[in-house]
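Observations on the three-dimensional arrangement
Residues per chain, in single letters:
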Amino acid sequence: MSIALRHGRRTLADELRLHLADEIVRGTLSPGAALDEMELARRFRVSRTPVREAIRQLTASGLIEARAHRAAVVARPSEERLHGMFEAMAELEALCAGFAAERMTGPERRALDLVHDEMRALIHIGDPQRFHEVNEAFHGAIYSGAHNGYLAELTLATRARVQPFRRAQFRTLGRLAQSHLEHDRVVIAIQRGERERAAGAMRAHITTVREAYEVYAAGTLAAVR
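A brief report on the enclosed structure follows. The structure presented is a predicted model; accordingly, all values stated were derived computationally and were not measured.

**Focus: helix α2 (residues 37-44)**
For α2, the set of buried residues is E37, L40, A41 and F44. Buried residues along α2 cover an arc of 100° about the axis, so they all sit on one side. Away from its buried face by more than 90 degrees, α2 exposes E39 and R42. Looking at the buried positions of α2, the neighbouring elements they touch are α1 (12-26), β1 (34-35) and α3 (48-61). Here α2 starts with a cap whose side-chain oxygen sits 3.1 Å from the backbone nitrogen of M38, and that cap is D36. Positioned one or two residues after α2, R45 has a phi angle of 55°, which is positive.

**Overview of the pairing of strand β3 (residues 70-74)**
With two bridges connecting them, β1 and β3 associate as antiparallel partners. Residue pairing in the sheet places A34 in a bridge with V73 of β3. Two strands pair when backbone bridges link them, and strand β2 (residues 64-67) and β3 are joined in this way by three bridges, in the antiparallel orientation. Residue I64 lies in a different strand from β3, and its bridge partner there is V74. With antiparallel pairing between neighbouring strands as the criterion, β2 and β3 make up a hairpin whose turn holds two residues, including H69 at a positive phi of roughly 60°.

Calculation criteria
Residues numbered from 1 in each chain as written. Predicted model: local features only at pLDDT ≥ 70, side-chain atom pairs only at ≥ 80, totals over all residues. Heavy atoms only, no water. Buried < 20%, exposed > 50% of the residue type's maximum accessible area, 1.4 Å probe, protein only. Helix = DSSP H or I, 4+ residues; strand = E, 2+ residues; numbered from the N terminus. Arc of directions from axis to C-beta. Contact = heavy atoms within 4.5 Å. Polar contact = N/O pair within 3.5 Å; in protein donor to acceptor, adjacent residues only side chain to side chain. Pairing = 2+ DSSP bridges.

Here it is in structure tokens:
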């Protein structure tokens, strides 16, 4: 199988990370399974460099356990760690949304509306992969609109760790439409310049994302058993 670039800003390591994350979250790769770099490079027809980088990124998410002088193995973050990751994510994104409500320029607000509208159209198509990609752009527009570079860096770094779990929850029945409704509340508050309401709506959204992932994970685990 060959990994191809599907998004202009993604690297081979990014695409490989997403693919492996999907297999781990779905249970195709079970906890404890060894991940040999050479074997993965042959399987996906890439060099060892993107494989090594993908493993490094997934280790940060808690999906892989790296071992010195031995092959990495599939792992799963503890419930406590996963909860902590989502809790931090919710607060960081809430800060971004609150600042964006106060600081977004006119063109930035219009751009946010356009991305939000594109996601509405994708609900009818029912394409979770594309929805996830545009969802990243939606949240990225809010990070940028906060006009705090350091906060954006922290939020993006945390998002990278939580991303496999956020991505998986879009496979829950009805989740695309529900996610868009949650975004609606965030967008309305931002466009009205309501900092506290924007922050609260975003915090509630990320909390629901965590809950949706837990529903998805429980169903996946039951299916594997």
